[in-house]
Amino acid sequence: MTSTSTLYLCRSLCAVVGAVFWIGSAFAVDTNPDALLTQYQQVAGQKADRLRGQHFFNAKSVNDLSCASCHGESPLIPGRHASTGKTISPLAPMVNADRFSDSAKVEKWFRRNCKDVLNRECTPLEKADVVAYLKDLK
Ligand code: HEC
């Protein structure tokens, strides 16, 4: 293969890969912190409370874990996974615009993390409180 055709192949492959990622990320952005807050409050039938959310975030539960065990006490800076030690980018949308922008991702991680911390799923009110706490942190 000549270097020109290698270059050409690379260019077209890169274009396809790039397009897939672009379309993927464009579809993933389907919500925002305010919309999620409204939605969770509606299901809960109650108003969220950001201080209660902050307390919930830092409170250790049955497994001696809290949300802060992995996400850090300050959601404005990166956290560290309690068991793998991997860095987790900040949860506060003010410093990480990807947060609370993809409802499937948010639901997936709420389900998983709440089970790790509480041995059950979070209630809609707990989710509303957490979003209320994180969304305006700066
Ligand atoms: C054992 C470690 C761990 C604990 C404990 C934990 N999380 Fe997470 N959380 C993660 C990881 C890993 C991700 C996915 C990686 C990422 O998004 O950076 C994540 C992602 C999330 C997301 C996705 C946000 C988005 O839009 O990108 C939310 C919401 C979340 N966690 C909330 C919580 C809450 C609330 C608690 C406490 C009930 C909690 N987490 C406890 C590790 C943890």
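That block above? That's the structure.
Residues numbered from 1 in each chain as written. Predicted model: local features only at pLDDT ≥ 70, side-chain atom pairs only at ≥ 80, totals over all residues.

**Q** Explain the overall build of the chain to me, please; I cannot follow it from the model alone.
**A** Helix and strand counts for the chain stand at 6 helices and 2 strands. Counting helices and strands in the order they occur from the N terminus, the chain gives α-α-α-α-β-β-α-α. Considering the chain as a whole, with its 138 residues, one finds that 22% of them fall into the buried category. Restricting to contacts in the chain with at least 6 residues of sequence separation, those with at least 24 account for 59%. (Helix = DSSP H or I, 4+ residues; strand = E, 2+ residues; numbered from the N terminus. Buried ≥ 20, exposed ≤ 12 C-beta atoms within 10 Å, placed from the backbone. Contact = placed C-beta atoms within 7 Å.)

**Q** Please clarify how the environment of Ser-66 should be interpreted in this entry.
**A** Its place among the elements puts Ser-66 in the loop between helix 3 (50-58) and helix 4 (67-71). When the C-alpha atoms of Ser-66 and Cys-114 are compared, they prove to be 9.2 Å apart, with 48 residues separating the residues in sequence. If near-sequence neighbours (up to four positions away) are discounted, Ser-66 is found in contact with Phe-57, Asn-58, Ala-59, Lys-60, Ser-61 and Val-117.

**Q** In this structure, what is going on with helix 2 (residues 33-44)? I would like to understand it.
**A** Since one α-helical turn is 3.6 residues long, residues separated by three or four positions face the same way. In this model helix 2 runs 16 Å from its N-terminal to its C-terminal C-alpha over 12 residues, within 8% of the 16 Å that 1.5 Å per residue would give. Where helix 2 is concerned, the buried positions are Leu-36, Leu-37 and Tyr-40. In a view along the axis of helix 2, the buried residues occupy a sector of 100°, so they form one face of it. (Expected span 1.5 Å × (residues − 1). Arc of directions from axis to C-beta.)

**Q** Explanation requested: unusual backbone geometry in the structure shown.
**A** Negative phi characterises most residues that are not glycine, and trans characterises most peptide bonds. The backbone of Asp-64 shows a phi angle near 60°, a positive value even though the residue is not glycine. Backbone geometry places Asn-119, a non-glycine residue, at a positive phi of 65°. If you trace the backbone, Asn-119 turns up in the loop between helix 5 (103-118) and helix 6 (124-135). Classification of Asn-119 by C-beta neighbours within 10 Å gives exposed; the count is 10.

**Q** Teacher, can you tell me more about the packing of helix 2 against helix 6 here?
**A** A pair of packed helices is characterised by two quantities: the angle between their axes and the separation of those axes. Their axes nearest at 8 Å, the elements helix 2 and helix 6 cross at an angle of 155°. Classified by the interaxial angle, the pair formed by helix 2 and helix 6 is roughly antiparallel. Note that helix 2 runs across helix 6; the crossing there is left-handed. Taking contact as the criterion, the partners of Pro-33, Leu-36, Leu-37, Tyr-40, Gln-41, Val-43 and Ala-44 in helix 2 are, on helix 6, Pro-124, Leu-125, Lys-127, Ala-128, Val-131, Ala-132 and Lys-135. Residue classes in the contact of helix 2 with helix 6 are distributed as 11 nonpolar, 1 polar and 2 charged. (Axes fitted to C-alpha atoms, helices over the stretch in contact; angles between N-to-C directions. Parallel < 35°, antiparallel > 145°, perpendicular 65-115°, else oblique. Left-handed = near helix turned anticlockwise from the far one by under 90°. Nonpolar A, V, L, I, M, F, W, Y, C, P; charged D, E, K, R; others polar.)

**Q** What should I look at first to understand the site of the ligand in this one?
**A** Every one of the 21 residues lining the ligand counts as a neighbour, but Cys-67, Cys-70, Trp-109, Asn-113 and Val-117 are closest to it. Elements that contribute at least two residues to the shell around the ligand include exactly helix 4 and helix 5. In terms of residue count, the dominant contributor to the shell around the ligand is helix 5 (8 residues). When the residues that make up the shell around the ligand are grouped by side-chain class, the tally is 12 nonpolar, 5 polar and 4 charged. (Near = placed C-beta within 6 Å.)

**Q** Would you mind going over the environment of Cys-67 with me for this structure?
**A** Tracing the backbone through its elements, the reader meets Cys-67 in helix 4. For the pair Cys-67 and Val-130, spaced 63 residues apart in sequence, the C-alpha to C-alpha distance is 10.0 Å. In this view, Cys-67 contacts Phe-57, Asn-113 and Val-117; residues no more than four positions away in its chain are not counted.

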